[in-house]
Amino acid sequence: MYFVKRGGTVCHVLSDHRTGAAPCGVKLSSLELSLYKAGKPTPQINADRPAGVPLCKHCEKRL
């Protein structure tokens, strides 16, 4: 799973589904995390890497 913070220009890897954290330490907002846990899709969270949005360099190193 991948996510992009609102207004963000890079995507992050969602590594901890419990806390909504990426390997680089960036986290989903509490609203986005609660919607994700409830099974409601959000435009910020994607199963596939969003086209045209580069992957965070810190997330890429830790994969």
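You'll find the structure just up there.
Residues numbered from 1 in each chain as written. Predicted model: local features only at pLDDT ≥ 70, side-chain atom pairs only at ≥ 80, totals over all residues. Heavy atoms only, no water.

Novice: Outline the overall build of the protein, listing residues and values.
Specialist: Each helix and strand in the protein was counted, giving two helices and three strands. Along the chain direction, N to C, the helices and strands of the protein fall in the order β-β-α-β-α. Taken against the 2.2 N^0.38 rule, which gives 11 Å for 63 residues, the C-alpha radius of gyration of the protein at 11 Å falls within 12% of a compact globule. When the backbone C-alpha atoms are referred to their principal axes, the protein occupies close to 30 × 20 × 20 Å. In the protein, buried positions account for 32% of the 63 residues. (Helix = DSSP H or I, 4+ residues; strand = E, 2+ residues; numbered from the N terminus. Rg over C-alpha atoms; globule rule 2.2 N^0.38 Å. Buried < 20%, exposed > 50% of the residue type's maximum accessible area, 1.4 Å probe, protein only.)

Honestly, it's all geometry; don't read function into it.
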